[in-house]
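A structural walkthrough
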Amino acid sequence: MSTPTRTREIHLASRPHGAPTPENFRLTEVELPELAEGQVLVRNTVMSVDPYMRGRMNDVKSYVPPFQLDAPLDGGAVGTVIASRHADVPEGTSVLHGLGWREHAVLDGDTVQAVDTSQFPDSTYLGVLGMTGLTAYTGLVHVAEMQEGDAVFISGAAGAVGSVAGQIARLLGASRVVGSAGTPEKVARVKELGFDAAFDYHDGSPTDLLAEAAPEGIDVYFDNVGGDHLEAAIAALRVDGRVAMCGAIAQYNSTEPPAAPRNLALAIGKRLTLRGFVLQKYAAHVRPEFLERVGPWVAAGKIQWDETVREGLENAPQAFIDLLDGANTGKMLVQL
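Residues numbered from 1 in each chain as written. Predicted model: local features only at pLDDT ≥ 70, side-chain atom pairs only at ≥ 80, totals over all residues. Heavy atoms only, no water.

Naming follows an unreviewed UniProt entry, where the protein appears as NADPH-dependent curcumin reductase CurA of Micrococcus endophyticus.

**Describing the overall build of the protein**
Let me state the cut-off plainly: Under the scheme used here, helices are H or I runs from DSSP no shorter than 4 residues and strands are E runs no shorter than 2 residues, and both carry numbers assigned from the N terminus. For the radius of gyration, the atom set is restricted to C-alpha positions; the globular benchmark scales as 2.2 Å times the number of residues to the power 0.38. Burial status follows relative accessibility: with a 1.4 Å probe on protein chains alone, a residue under 20% of its type maximum counts as buried, one over 50% as exposed, and anything between as partly exposed. For this analysis, residues touch if any pair of their heavy atoms sits within 4.5 Å. Surface accessibility follows the Shrake-Rupley procedure with a 1.4 Å probe radius. Residue values consider only the protein chains on display as shielding. In this tally Asp and Glu are treated as negative and Lys and Arg as positive; neither His nor the chain ends contributes. By convention, charge coordinates are those of NZ in Lys, CZ in Arg, CG in Asp, or CD in Glu.
Along its length, the protein carries 9 helices and 15 strands. Over its C-alpha trace the protein gives a radius of gyration of 20 Å, about what one expects of a compact globule, namely 20 Å for 336 residues. Across its three principal axes, the protein shows a C-alpha extent of roughly 65 × 45 × 35 Å. Counting the 336 residues in the protein, one finds 54% classified as buried. Across the protein, contacts joining residues at least 24 apart in sequence account for 68% of those joining residues at least 6 apart. Here the protein displays about 14,900 Å² of accessible surface, and carbon together with sulfur accounts for 50% of that area. Across the protein, the 27 positively charged side chains and the 42 negatively charged ones have centroids separated by 4 Å.

**Overview of the side chain of asparagine 224**
Which entries qualify depends on this criterion: Polar contacts here mean pairs of N or O atoms no more than 3.5 Å apart (in protein, one a potential hydrogen donor and the other a potential acceptor; neighbouring residues in sequence count only if both atoms are side-chain atoms).
Its place among the elements puts asparagine 224 in the loop between β11 (218-223) and α6 (227-236). In this structure the side chain of asparagine 224 is engaged in a polar contact, spanning 2.8 Å, whose partner is the backbone oxygen of serine 155. Residues within four places of asparagine 224 in sequence aside, it is in contact with Ile154, Ser155, Gly156, Val161, Gly162, Cys246, Gly247, Ala248 and Ile249.

**Thoughts on the layout of surface pockets**
What counts here: Each cavity reported here is a set of points on a 1 Å grid over the protein atoms alone in which a 1.4 Å probe fits but cannot get out, each pocket an open set with protein on both sides within 12 Å along at least five of seven lines, and each lining residue one with an atom within 4 Å of a point. Grid points are joined across faces, edges and corners, and a volume is the space filled by probe spheres set on the points. Throughout, the ten residues Ala, Val, Leu, Ile, Met, Phe, Trp, Tyr, Cys and Pro are labelled nonpolar, Asp, Glu, Lys and Arg are labelled charged, and all others, Gly among them, are labelled polar.
When its volume is computed, the second largest pocket comes out at roughly 160 Å³. Every residue along the wall of the second largest pocket is listed here: Thr3, Pro4, Thr5, Leu32, Pro33, Glu34, Leu35, Leu41, Ala83 and Arg85. In terms of residue class, the lining of the second largest pocket is built from 6 nonpolar, 2 polar and 2 charged.

**Comments concerning the packing of helix α2 (residues 131-143) against helix α8 (residues 283-299)**
Worth spelling out the cut-off: For helices, the fitted axis covers only the stretch in contact; all axes are lines through C-alpha atoms, and the angles between them, taken along N-to-C directions, range from 0 to 180 degrees. Here roughly perpendicular refers to angles of 65 to 115 degrees, roughly parallel to angles under 35, roughly antiparallel to angles over 145, and oblique to all remaining angles.
Contact geometry of α2 with α8 gives a least axis separation of 10 Å together with a crossing angle of 100°. With respect to their mutual orientation, α2 and α8 come out roughly perpendicular. Residues Gly133, Leu134, Tyr137, Thr138, Val141 and His142 of α2 form the contact with α8, whose participating residues are Ala283, Val286, Arg287, Glu289, Phe290, Arg293 and Val294. Partitioning the contact of α2 with α8 into residue classes produces 7 nonpolar, 3 polar and 3 charged.

**Some details on the sheet that holds β11**
Applied cut-off: The rule for pairing is simple: two strands pair if DSSP sees at least two bridges between them.
Strand order in the open sheet made by the 6 strands is β10-β9-β8-β11-β12-β13, with parallel pairing throughout. Sheet topology places β10 (197-200) and β13 (273-276) at the edges, where each strand pairs with a single neighbour. Mean inter-strand twist for the sheet, computed between neighbouring axes without regard to direction, equals 15°. Judged from the 4 bridges that link them, strand β8 (residues 151-154) and strand β9 (residues 176-181) form a sheet pairing that is parallel. When the sheet's bridge partners are listed, isoleucine 154 is paired in β9 with glycine 179. Packing against the sheet, α2 makes contact with β8, β11, β12 (237-245) and β13, and its axis sits at approximately 145° to β11.

**A word on the pattern of salt bridges**
Heads up, the rule is: Any Lys or Arg side-chain nitrogen located within 4 Å of an Asp or Glu carboxyl oxygen qualifies as a salt bridge.
Applying the stated criterion to the full structure yields 16 salt bridges. Residues aspartate 306 and arginine 189 are paired through a salt bridge, measuring 2.8 Å at the closest nitrogen-oxygen approach. Here aspartate 306, found in the loop between α8 and β14 (307-311), pairs with arginine 189, found in helix α4 (residues 184-192); they are 117 residues apart in sequence, far enough to count as distant. Assessed through its relative accessible area of 18%, aspartate 306 is described here as buried. Its salt-bridge partner being aspartate 240, residue arginine 271 comes within 2.8 Å of it at the nearest N-O pair. One end of the pair, arginine 271, is in the loop between α7 (266-269) and β13; the other, aspartate 240, is in strand β12, with 31 residues separating them in the sequence. For aspartate 240, a relative accessible area of 37% gives the class partly exposed.

**With respect to the UniProt feature "domain: Enoyl reductase (ER)" (unreviewed entry) in the protein**
Heads up, the rule is: UniProt positions are given in the numbering used here, feature names are shortened, and annotations may be inferred rather than shown by experiment.
When the UniProt feature table is mapped onto this chain, "domain: Enoyl reductase (ER)" (unreviewed entry) is found at residues 20-334. Helix and strand shares over residues 20-334 are 27% and 25% respectively, and the end C-alpha atoms of the span are 18 Å apart.

**A closer look at helix α5 (residues 206-213)**
An α-helical turn contains 3.6 residues, so any two residues separated by three or four positions project in the same direction. Filter applied, for reference: Starting at the helix axis, one direction is taken to each C-beta atom, and the arc is that of these directions.
Among all positions in α5, only Pro206, Leu209, Leu210 and Ala213 are buried. An end-on view of α5 places all buried positions within 95° of arc, on one side of the element. Opposite the buried face of α5, by more than 90 degrees, sit the exposed residues Asp208 and Glu212. Here the buried face of α5 lies against β8, β9, β10, β11 and α6.

In structure tokens, the structure reads:
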């Protein structure tokens, strides 16, 4: 098969104001450059869309640079090396890398990570064995410092990170694991995954629903949502409780700054720790530990994972829009 000379990419056509729309994206065909020494050409087979990408669409300073207008977006992807000028990354190697949102990627061979797709599907390395699982593990163990016997509450519990975090908490010996989700079907799925209790946050005040689901309180809150869920957790946390602030999807599309939790003063008397985190601070030194502990659980079937898959690069923008609307169960992926 001849090496392609052109490929398709999704570019950011304009910056969203509020919720993204299809008009903010553009499908573009571009020329592929000749490979330089040390580079590889990868045909992407699956790519990830993730909530954090919404923040990168704003032209603001953050822990990761914003996407540029009229340039391709990027994100996690797995693909196959189809041409190589790197001695250690031969053709046919399956690799994990950061240039998604395109059908082919030219990369420095030193920046890709070879993955074994004989035991697990390629998508696994974007999910439970990739950034998703590593985020869940890091937030629980290294940020919230979860201990055996802790009661744990996880918001967005049917999502990619939340669903894995709840299962890891159970395997680490949590006394109770509670989750919130956005539909009755998602609540049912969360319970199937081994959560002791779960509630649909549309059914009332998250504070009241959490108090009912965890009447004796909680020790750890893994926050994927922010807003009223964080306020509910502060009310339910016991003395010396810990919060791992992973995401705040409830406000990503907001055009006005949200109010802080109205009960934040409770953190003083309860001696609470609220700690925000981004994975890049932890990934390099935590990944080996994560793979050693969580990998066998995945191999043994002790951790399940869900995927919501859309087909074709042209459908990636809508997959991202749907993700922010909560249309996914588990990891949102685009098959290329």
